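Residue-level structure breakdown
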Amino acid sequence: MTSNVVLSTQEYNVVGKRPIRHDGADKVTGRARYGADISLPGMLHGKVLRSPHAHARIKSIDLTRALALPGVKAVATAADLAQPEGRAADLGEGAMSNPRYVSNNVLAADKALYQGHAIAAVAATTAEIAEEALSLIDVDYEVLPPVLNVVQAMRDDAPLVHERLATIEDATVRTGGVLSGDDDSKGSNVANRFTFEIGDLDKGFQEADVVVEREFDTAPVHQGYIEPHSATALWNADDTLTIWCSSQGHFQIRDLTSMLLGHPVSKIKVVPMEIGGGFGGKTLVYLEPVASVLSRKTGRPVKLSMSRTEVFIGTGPTSGSHMAARIGAKKDGRITAFDVSLAFDAGAFPGSPVVAGAMCCLAGYDLANARIRGYDVVTNKQKTAAYRAPGSPASSFAVEAVIDEMCEKLGMDPLEFRTLNGAKEGTRRVNGPRFPSIGYLETIQAAKEHPHYSTPLEGPNRGRGVAGGFWFNGTGPASATASVNSDGTVSLVEGSPDIGGSRAVAAMHVAEVLGLDAEDVRPQVGDTDSVGFTSMTGGSGVAFKTGWASYEAAQDVKRQMIERAATIWDVSAEDIEYSNGAISHKSDPELRFTFREMASMLNGTGGPIVGRANVDPKSVGSAFAVHIADVEVDPDTGKVDILRYTALQDAGKAVHPGYVEGQIQGGVAQGIGWALNEEYFFNDKAEMANSSFLDYRMPTSLDLPMIDTVIVEVPNPGHPYGVRGVGEVPIVPPLAAVANAIHDAVGVRMNTLPMSPGAVLEALWEQNGKS
């Protein structure tokens, strides 16, 4: 039986409770509508032609035969999209800030840069006709040698993915430069090279009594969301465009589509459908601009939906990587120096999460001397997208693994080591900022005190590993409106697509302010014409930013309710107080209305009350986690079984503990899959050979124990209720925690992911001198 513990530090009336989620009934009864559920009169069906080659120049595309097929209404290619210059808006880690790259990833222009790269799209009266038409599109390819590995891609003699790509030196931007027309310098596959540094690294290693140095490799892994991408577009006769899709940010979809079509944002409305998982993978555009082009050409609505194989080969996994980590420490355990090198695979276009990985990997430690070097490297693989704490799981795998080895050499308890060196308020991170109030040491202490850590682990080939993790958490602009209904309920409209219970969390902010039950606040996600701009759902920022917007909208309601009562009673608003869902006069107890009573009077006493808020909060709180993993390794097969797992995390304040526990458990499950099984496997033709859930091995309930959680609450002083984002950091520690447990069990250090049965068995054979 799972054990979920909340170490609460402050109690509220609604915040911190566990109400039933508002969208639950629609979800469990099948009434919730997802992207593929849209069906419109006269709708056409679209299909996408994808490159069979990982690297090929597109010499010509002949659409004649496809357009002649009865039932085909339109075909789209890159010629139908803008090729914008300049720099796009900040789209987050893993995104492409060069607008032309965004366009060329949607539909290939001069070259196909990965197997599965979209080349053209067809709209026809049936999906079957559209599929047939794809085979009638004649593409003349000049096949080029691909490069699939970051180490190979960084070599001087490597095939160039982009002939005109120039390396940006010592910069933290997320894209490479482009060589000018008169610059005959050789291009590069390294789009960005940067360094974060603090102190004197050489001096630190000279002071060390023990030094550990290792290299690490990880493979690309997919987010594994259950719902494939789907988009439906209708280009109206009045030149307005409506798009129905599932995404993590419908305002971002609107803005990117506007950029790629050269169409004003004011003429584009994006309607957010329910989303069947995203984890960062639904933050980019793939189908939306294409469906829009086809609808513009035909004057009819067009739906495009991906198959599971298309999701794997046509969208973005997270980066593979090659990393090196070197740590020096005194005999007493004090770290004297840390040097980390991160080469991350961006895929076909610049923009891997290497910057975020560099920001996170050493953030948990108070270091006097440290350096982190990062390389953003393009290859002939799918353009990477964000995946839950993008960059941090891989980079932390390297750091936490060498820390474990250092603890072994020193004979020191790994949690004591982390306590000695752990970051705290005032610690300066290697990339510059100092921490405000954080809860890493409190989370480590909770791990020490947890029964899991002190319970003896009995039996052969069993081991226990621990690891820490960090994510800085996101924020951004957010909007909300709260309308008071005459029956005393509140209709809340906010702008963040809900992928983790955020509607309920937003409603709970409103309910707490107004002294209502959470069930009396009815939340919904508005389309781009119905609510103010709201940045995308990602980075563990929604509970913070949209929760805050909802809080401020409720405060606006409260102010207006007080003013209305003052008008009704003909007194000064300063003499009225609002407490526990009631408005009353401070000195006259006869003057009192409940919220419900007041709501019923609004339309007859001055009109409705609607609270509004637009925020862009900056005081986001960082998140830390510590995980404990017990494993058993079968020495005959190399199979690793997870026996017990405990995840401890500082949530600041868990608005809805049940959802926080679910986020933690889900992140752990994904991290274990990343550690043990998942990878993009490419054959000798540079084709992904496991592009289905049958062959791409994600964990099931049979592979995992119940995951224990401990929610530590060290409030974020920068939020009204102390909230810190929770969704990202749970995926960070599992990679290293499982690797460290495997070493504890059988004595081998696994420095390459995934740690599949075959990989573990080969390591055991090497350890035992077998071939």
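Everything below is about the structure printed above this text.
To keep things clear, this report deals only with the structure shown in the data block. (Residues numbered from 1 in each chain as written. Predicted model: local features only at pLDDT ≥ 70, side-chain atom pairs only at ≥ 80, totals over all residues. Heavy atoms only, no water.)

Let's shift gears to unusual backbone geometry. In the segment running from Leu-753 into Pro-754, the intervening peptide bond is cis, with an omega of 0°. Structurally, the position occupied by Pro-754 is in the loop between helix 19 (734-746) and helix 20 (757-767). The phi angle at Arg-388 is positive, at roughly 30°, despite the residue not being glycine. Note on placement: Arg-388 falls in the loop between strand 19 (370-378) and helix 11 (392-410). A relative accessible area of 6% means that Arg-388 is categorised as buried. Backbone geometry at Ala-686 places phi at a positive 65°, although glycine is not the residue there. Mapped onto the fold, Ala-686 is located in the loop between helix 18 (657-676) and strand 30 (707-712). (Helix = DSSP H or I, 4+ residues; strand = E, 2+ residues; numbered from the N terminus. Buried < 20%, exposed > 50% of the residue type's maximum accessible area, 1.4 Å probe, protein only.)

This model, assessed by the stated rule, comprises 38 salt bridges. Ionic pairing is found between Glu-405 and Arg-214, a salt bridge with its closest N-O pair at 2.7 Å. With Glu-405 in helix 11 and Arg-214 in strand 12 (residues 210-218), this pair connects stretches of sequence that are 191 residues apart. As a salt-bridge pair, Asp-404 and Arg-749 come within 2.8 Å of each other at their nearest N and O atoms. (Salt bridge = Lys/Arg side-chain N within 4 Å of Asp/Glu carboxyl O.)

The final tally for this structure, using the stated rule, is 20 aromatic pairs. Relative to Tyr-721, the ring of Tyr-12 has its centre 5.1 Å away and its plane inclined at 75°; by these criteria the two rings are edge-to-face. With Tyr-12 in the loop between strand 1 (4-7) and helix 1 (24-29) and Tyr-721 in the loop between strand 30 and helix 19, the pair connects residues that are 709 residues apart, well separated along the chain. Summarising the burial analysis for this pair, Tyr-12 and Tyr-721 share the class buried. Relative to Phe-470, the ring of Phe-435 has its centre 5.7 Å away and its plane inclined at 75°; by these criteria the two rings are edge-to-face. Of the two residues, Phe-435 sits in the loop between helix 12 (414-421) and helix 13 (440-449) while Phe-470 sits in strand 20 (residues 462-471), which places them 35 residues apart along the sequence. Comparing Phe-435 with Phe-470, the two get one shared label, buried. Aromatic ring contacts, followed pair by pair, group Phe-312, Tyr-680, Phe-682, Phe-693 and Tyr-696 into a single cluster. The ring of Trp-235 has Arg-296 lying over it, and the distance from NZ or CZ to the ring centre is 4.8 Å. Between the NZ or CZ atom of Arg-326 and the centre of the ring of Phe-205, over which it lies, the distance is 3.8 Å. (Phe/Tyr/Trp six-rings, centres within 6.5 Å; stacked < 30°, edge-to-face > 60°. Lys NZ or Arg CZ within 6 Å of the ring centre and 35° of its normal.)

In terms of nonpolar packing, the biggest core is built from 110 residues, with Phe-338, Leu-362, Ile-742 and Met-755 touching the most fellow members. Here the element with the most residues in this core is helix 11; it accounts for ten residues. Residue contacts for Met-755: discarding those within four places in its chain leaves Ala-675, Leu-676, Leu-735, Val-738, Ala-739, Ile-742, Met-750 and Val-760. The next biggest cluster of nonpolar side chains, apart from the first, holds 46 residues, and it includes Tyr-12, Ala-480, Val-513 and Met-598. (Core = buried A, V, L, I, M, F, W, Y, C linked by side-chain atoms within 4.5 Å. Contact = heavy atoms within 4.5 Å.)

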